Amino acid sequence: MARTVFVNGEFLPETEARVSIFDRGFLFADGVYEVTAVVNGKLVDYGPHMERLGRSLAELRMDWPCTRDELDAMHLEIVRRNGLKEGIIYMQVTRGAADRTFNFPKEPVKPTLIAFTQEMKLAQNPNAVTGIKVITTPDLRWARRDIKTVMLLAPVLGKQEAYEKGAQEGWMVEHGYVTEGTSSNAYIVKDGKVITRGLSNEILAGCTRRALFRLAKEHGVEIVERKFTPEEAYAADEAFLTSASQFVMPIVEIDGKRIGGGQPGPVVRKLRELFLAEAGG
């Protein structure tokens, strides 16, 4: 059965959804996106996602595609129309359709807004029981990774390399240090302390990361914000990632080297349980 998707103010069967070939998202990756998790039919961390969307739009000098109330209503309605109990909502805003020139369109152009749902096992993801494998890969991205743009070719290549090597995620490395995953934030645990890179233009300010920091503080888990090398990760007691679609996910192998005996450790298990309890999983 075809999903119901959203395109520029209309809910349509996915087979009828269309955008212009002149859309700047298609021609230039001139757009931004957000992914919001849904658990038990309810949105998870929706507020922070919309806050980050606003920041991304502002950094690229793009207009909001509609009012915040209309955007909120769209998210709730697309969940209802698809009967989504658990999974994600992907939404994307581009600068809109205009004749192809690198500079912004001279005449006002209405932004393009699309959204769709995907069913996924989030709370009971079997990978959370066994842990996942990660490889390291060169970070080939541009300098403004803090903006959640649809320009994702470098992460696509990194993720594909990981899959071809039997792993589920790639940790990108620049100047000898891990930046983040191809679609996640990266963490290691040593002597009970969580270590992760501090926020800057070099990584995305993850909404799940933000929730994790708050939960860790509330429950006495220390987080140290600093860079770490792949070699430090190999010697870590535990490792994990966070993202909207994987929540808090344990990592048991990096570049073929077992982490923490090859099974999820106590710190990551605790943090995942805390996140799930708040998300309603």
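Here the structure is shown first, and the text comes after it.
Residues numbered from 1 in each chain as written. Predicted model: local features only at pLDDT ≥ 70, side-chain atom pairs only at ≥ 80, totals over all residues. Heavy atoms only, no water.

1. Remarks on the packing of aromatic side chains
- By the definition in use, this model includes 7 aromatic pairs.
- Here Phe6 and Phe11 contribute two aromatic rings whose centre-to-centre distance is 5.0 Å and whose plane-to-plane angle is 65°, an arrangement assigned as edge-to-face.
- Ring centres of Tyr33 and Tyr90 lie 5.4 Å apart, and the angle between their planes is 20°; on these two criteria the pair is classed as stacked. Here Tyr90 lies in strand E5 (residues 86–94) and Tyr33 lies in strand E3 (residues 31–39), a separation of 57 residues in the sequence.
- Looking at Tyr33, the relative accessible area reads 12%, which means it is buried.
- For Tyr90, a relative accessible area of 16% corresponds to the buried category.
- Pairwise contacts between aromatic rings join Tyr33, Tyr90 and Phe116 into one cluster. (Phe/Tyr/Trp six-rings, centres within 6.5 Å; stacked < 30°, edge-to-face > 60°. Helix = DSSP H or I, 4+ residues; strand = E, 2+ residues; numbered from the N terminus. Buried < 20%, exposed > 50% of the residue type's maximum accessible area, 1.4 Å probe, protein only.)

2. Here we look at the packing of helix H2 (residues 46–59) against helix H3 (residues 68–82)
- With their axes 12 Å apart at the nearest point, H2 and H3 run at an angle of 135° to one another. Considering the angle they form, H2 stands oblique to H3. Where H2 crosses over H3, the handedness of that crossing is right-handed. Of H3, the residues touching H2 (which contributes Tyr46, Gly47, Met50 and Leu53) are Arg68, Leu71, Asp72 and His75.
- The residue makeup of the contact of H2 with H3, split by class, is 4 nonpolar, 2 polar and 2 charged. (Axes fitted to C-alpha atoms, helices over the stretch in contact; angles between N-to-C directions. Parallel < 35°, antiparallel > 145°, perpendicular 65-115°, else oblique. Left-handed = near helix turned anticlockwise from the far one by under 90°. Contact = heavy atoms within 4.5 Å. Nonpolar A, V, L, I, M, F, W, Y, C, P; charged D, E, K, R; others polar.)

3. Quick look at the pattern of salt bridges
- Tallying each qualifying case throughout the model produces 23 salt bridges.
- For the salt bridge of Lys190 with Asp237, the shortest nitrogen-to-oxygen distance reads 3.7 Å. Of this pair, Lys190 sits in strand E10 (residues 185–190) while Asp237 sits in the loop between helix H7 (230–234) and strand E13 (238–243), and the two are 47 residues apart along the sequence.
- Arg209 is the salt-bridge partner of Glu225, the closest N and O atoms lying 3.1 Å from each other. Of this pair, Glu225 sits in strand E12 (residues 223–225) while Arg209 sits in helix H6 (residues 207–218), and the two are 16 residues apart along the sequence.
- For Glu225, a relative accessible area of 46% corresponds to the partly exposed category.
- Here the salt bridges share partners, and the residues they tie into one network are Asp139, Arg141, Arg145, Glu174 and Glu180. (Salt bridge = Lys/Arg side-chain N within 4 Å of Asp/Glu carboxyl O.)

4. Thoughts on the nonpolar core
- Core analysis: the biggest nonpolar cluster contains 23 residues, and Val194, Phe240, Phe247, Val248, Leu271 and Phe275 have the highest contact counts within it.
- Contributions of two or more residues to this core are made by E3, E10, H6, strand E14 (247–254) and helix H8 (266–279).
- It is H8 that contributes the most residues to this core, 7 residues altogether.
- Discounting residues that sit within four places of it in the chain, Val194 has contacts with Tyr187, Ile188, Val189, Val221, Glu222, Ile223, Val224, Phe240, Val267 and Leu271.
- Counting residues in each nonpolar core, the second largest holds 21 residues, with Val32, Leu57, Met74 and Ile89 among its members. (Core = buried A, V, L, I, M, F, W, Y, C linked by side-chain atoms within 4.5 Å.)

5. Remarks on the pairing of E13
- The buried count for E13 comes to 6 of 6 residues, which makes it a mostly enclosed element.
- Of the two faces of E13, the one carrying Glu238, Phe240 and Thr242 and the one carrying Ala239, Leu241 and Ser243 are both buried.
- With 5 bridges joining them, E10 and E13 adopt antiparallel strand pairing. Considered in E13, the bridge of Tyr187 is made with Phe240.
- With 5 bridges joining them, E13 and E14 adopt antiparallel strand pairing. Following the sheet pairing, Leu241 is matched in E14 by Met249.
- Between E13 and E14, which pair antiparallel one after the other, the connecting turn spans 3 residues. (Pairing = 2+ DSSP bridges.)

6. Concerning the layout of surface pockets
- Looking at the largest pocket, its volume works out to about 1000 Å³.
- Lining the largest pocket are 44 residues, with Tyr33, Lys148, Thr182, Ser183 and Ser184 sitting closest to its centre.
- When contributions to the lining of the largest pocket are tallied by element, the ones reaching two or more residues are E3, H2, E5, strand E6 (112–119), helix H5 (153–164), strand E9 (177–181), H6 and E13.
- Here the element with the most residues in the lining of the largest pocket is H5; it accounts for 7 residues.
- Within the lining of the largest pocket, the residues separate by chemical class into 18 nonpolar, 18 polar and 8 charged.
- Together, 15 residues line the second largest pocket, and Arg52, Arg55, Leu199, Ala205 and Arg210 are the ones closest to its centre.
- Examining the composition of the lining of the second largest pocket, we find that 4 residues originate from one element, H2, more than from any other.
- Classifying every residue of the lining of the second largest pocket gives 6 nonpolar, 3 polar and 6 charged. (1 Å grid on protein atoms, 1.4 Å probe; cavity = no way out; pocket = protein on both sides within 12 Å on 5 of 7 lines; lining within 4 Å. Points joined across faces, edges and corners; volume = space filled by probe spheres on them.)

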